[in-house]
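Letter by letter, the chains look like this.
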Amino acid sequence: MFSDIKAIYRNDPAARGLEPLLYPGLHAVMVHKFISHPLYFIRLRFFARFISQLMRFLTGIEIHPGAKIGKGFFIDHGMGIVIGETVEIGKDCVLFHGVTLGGTGNIKGKRHPSLEEGVLIGANATILGPCHIGNHSKIGAETVIVNRDVPAHCTVVGAPGHIVKKDGQRMDQSLPPMERLS
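Presented here is a report on the structure given in the accompanying data block. (Residues numbered from 1 in each chain as written. Predicted model: local features only at pLDDT ≥ 70, side-chain atom pairs only at ≥ 80, totals over all residues. Heavy atoms only, no water.)

### A few points about the side chain of aspartate 76
This is how the line gets drawn: Strands are runs of DSSP state E lasting at least 2 residues, helices are runs of H or I lasting at least 4, and numbering of each runs from the N terminus. Exposure classes here rest on a 1.4 Å probe applied to the protein chains alone. A residue is buried below 20% of its type maximum, exposed above 50%, and partly exposed in between. In this charge count, Lys and Arg are treated as positive and Asp and Glu as negative; neither His nor the chain ends contribute. The salt bridge criterion pairs a side-chain nitrogen of Lys or Arg with a carboxyl oxygen of Asp or Glu, the two atoms within 4 Å. Residue contacts are defined here by distance: any two heavy atoms, one from each residue, within 4.5 Å place the two residues in contact.
Along the chain, aspartate 76 falls in strand β3 (residues 74-76). One buried charge, aspartate 76, has no salt-bridge partner; the nearest side chain with opposite charge is arginine 16, at 12 Å. Ignoring sequence-local partners within four residues, the contact set of aspartate 76 consists of Asp12, Leu95, Phe96 and His97.

### Quick look at helix α3 (residues 45-59)
Quick reminder of the rule: In this analysis, the expected span of each helix is defined as 1.5 Å times one less than the number of residues it contains. Relevant arc is that of directions from the helix axis to the C-beta atoms, nothing else.
Taking 1.5 Å per residue, 15 residues should reach 21 Å; α3 reaches 21 Å between its end C-alpha atoms and fits that length. Three or more residues of α3 are buried, namely Ala48, Ser52, Met55 and Thr59. Around the axis of α3, the buried residues are gathered within 60° of arc, so they sit on the same side. Exposed side chains of α3 directed beyond 90 degrees from the buried face belong to Phe46 and Phe57.

### Here we look at the pattern of salt bridges
Inspection of every chain in the model, using the stated rule, returns five salt bridges. Measuring nitrogen to oxygen at the nearest pair gives 3.1 Å for the salt bridge that ties arginine 56 to glutamate 62. The partly exposed category is assigned to arginine 56, whose relative accessible area is 40%. Between glutamate 85 and arginine 111 there is a salt bridge; the shortest N-O distance is 2.4 Å. Of this pair, glutamate 85 sits in the loop between β4 (81-83) and β5 (88-89) while arginine 111 sits in the loop between β7 (100-102) and β8 (114-115), placing them 26 residues apart in sequence.

In structure tokens:
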């Protein structure tokens, strides 16, 4: 919990005093981590979904109880965020409003994105399918990534998303094709 509060101070220059305790992103993440995800884990799925839907109503942030969220996660201006069931979010990630981490269809198993450490996703970006976003990568506002992996230390923009910076070097290339899932 404290790492998530520290993440607010680290990522939001407007965070002062006790104000971060009022952030809806913090409320949604805390309820997810301490109530809905544990209920989901012990197979009390109806109650887990009920709690997550209640938080969606109260905060405008939808986090499926099955999602795995690491420490230091920060949601800035969280309205309209959707985080799907098999999403995995590494530590110290940042999401802005309107981000969708969703699936692409009615498939079984892993069907949502995985974010590694330190990923930043801009406002209204959409990432769909069982793809991996590498460590410390940045996804620009309104970028669309469907079933494509993003290497570590990249900046991706556009619809469809393309790499404009990798390891600090400017470039312009398409995302690599996703490996076929069995």
